[in-house]
Amino acid sequence: MDRQQVEYVERENAFLREQLHALTDQIETVKQDVLEEGAKHIRGKENTVQKMKELEREIRQAKANTDKWKQEAMKEKQRIEELTSQVERLQGVVNRAKSIPFAGKLVTKLEQECKPS
């Protein structure tokens, strides 16, 4: 090989090395971009999963509260039924007392005194 050919090969070799270096840099840049986008995507998924877990926890709490309130409402309904039954029983006693001559006058007088003005 003569000197011109050697110089040409060396220039070509240097050019190809620069091209390889530039392509390697581009590949590394693309690789970093892909990794960063992947990491963002994974963080987004993790955040979504975390939010879903929080929502599930809130739903379980809401269900527990609903069950608790249903039990309280049932107890209150039962208490109202018991009080209504007692009022009816006492009203029966008052009505029977009214049918007795002297007691009837006394009951009527007590009822008038207890009525709000």
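Below is a short write-up of the structure.

Conventions and cut-offs
- Within each chain, residue numbers correspond to sequence positions counted from 1 in written order.
- Under the rules for a predicted model, residues below a pLDDT of 70 receive no local features and side-chain atom pairs below 80 are neither given nor counted, while totals for whole chains, interfaces and linings still include all residues.
- Excluded from the side-chain calculation are hydrogens and water; included are all heavy atoms of the structure.
- Numbering goes from the N terminus for both helices and strands, where a helix is a DSSP run of H or I of at least four residues and a strand is a run of E of at least two.
- Only the C-alpha atoms count toward the radius of gyration. The rule for a globule is 2.2 Å times the residue count to the power 0.38.
- The classification of residues rests on relative accessible area computed with a 1.4 Å probe and restricted to protein chains. Under 20% of the type maximum is buried, over 50% is exposed, and intermediate values are partly exposed.
- Residue burial considers only the protein chains on display, and all accessible areas are found by Shrake-Rupley using a 1.4 Å probe.
- Take a side-chain nitrogen of Lys or Arg and a carboxyl oxygen of Asp or Glu: if they are within 4 Å of each other, that pair is a salt bridge.
- Throughout this description, a polar contact denotes any pair of N or O atoms lying within 3.5 Å of each other; where both atoms belong to protein, one of them has to be capable of donating a hydrogen while the other can accept it, and for residues adjacent in sequence the pair is counted only when both atoms sit in side chains.
- Surface patches are drawn from residues lacking salt bridges whose relative accessible area is over 30%; two like charges belong together within 9 Å, two nonpolar side chains (Val, Leu, Ile, Met, Phe, Trp, Tyr) within 5 Å.

1. Here we look at the overall build of the chain
Part 1: Secondary structure summary: the chain contains two helices and zero strands in total.
Part 2: Its C-alpha atoms give the chain a radius of gyration of 46 Å, clearly above 13 Å, the size a compact globule of 117 residues would have.
Part 3: Taking the principal axes of the C-alpha coordinates as reference, the chain spans close to 150 × 30 × 10 Å.
Part 4: Here the chain holds 117 residues, and 3% of them are scored as buried.
Part 5: As presented, the chain carries roughly 11100 Å² of accessible surface, and 58% of it is formed by carbon and sulfur atoms.

2. With respect to the pattern of salt bridges
Part 1: For the structure on display, the rule yields three salt bridges.
Part 2: The salt bridge partner of Arg-3 is Glu-7, with a shortest N-O separation of 3.3 Å. Separated by four residues within a single helix, Arg-3 and Glu-7 lie in helix α1 (residues 3-99), roughly one turn from each other.
Part 3: Exposure remark for Arg-3: the relative accessible area of 65% places this residue in the exposed category.

3. Observations concerning the environment of His-21
Part 1: Residue placement: His-21 occurs in helix α1.
Part 2: Judged by relative accessible area, which is 52%, His-21 ranks as exposed.
Part 3: Sequence separation between His-21 and Gln-61 is 40 residues, and the spatial gap between their C-alpha atoms is 59 Å.

4. A short note on the environment of Thr-84
Part 1: Tracing the backbone shows Thr-84 in helix α1.
Part 2: Considered as a pair, Thr-84 and Glu-56 are 28 residues apart in the sequence and their alpha carbons are 41 Å apart.
Part 3: Of the polar contacts made by the side chain of Thr-84, one reaches the backbone oxygen of Ile-80; its length is 2.8 Å.

5. Looking at a nonpolar patch on the surface
Part 1: On the surface, Met-1, Val-6, Tyr-8 and Val-9 cluster together into a nonpolar patch covering about 430 Å² of accessible area.
Part 2: Within the fold, Tyr-8 resides in helix α1.
Part 3: Relative accessible area serves as the criterion here: at 49%, Tyr-8 is assigned to the partly exposed category.

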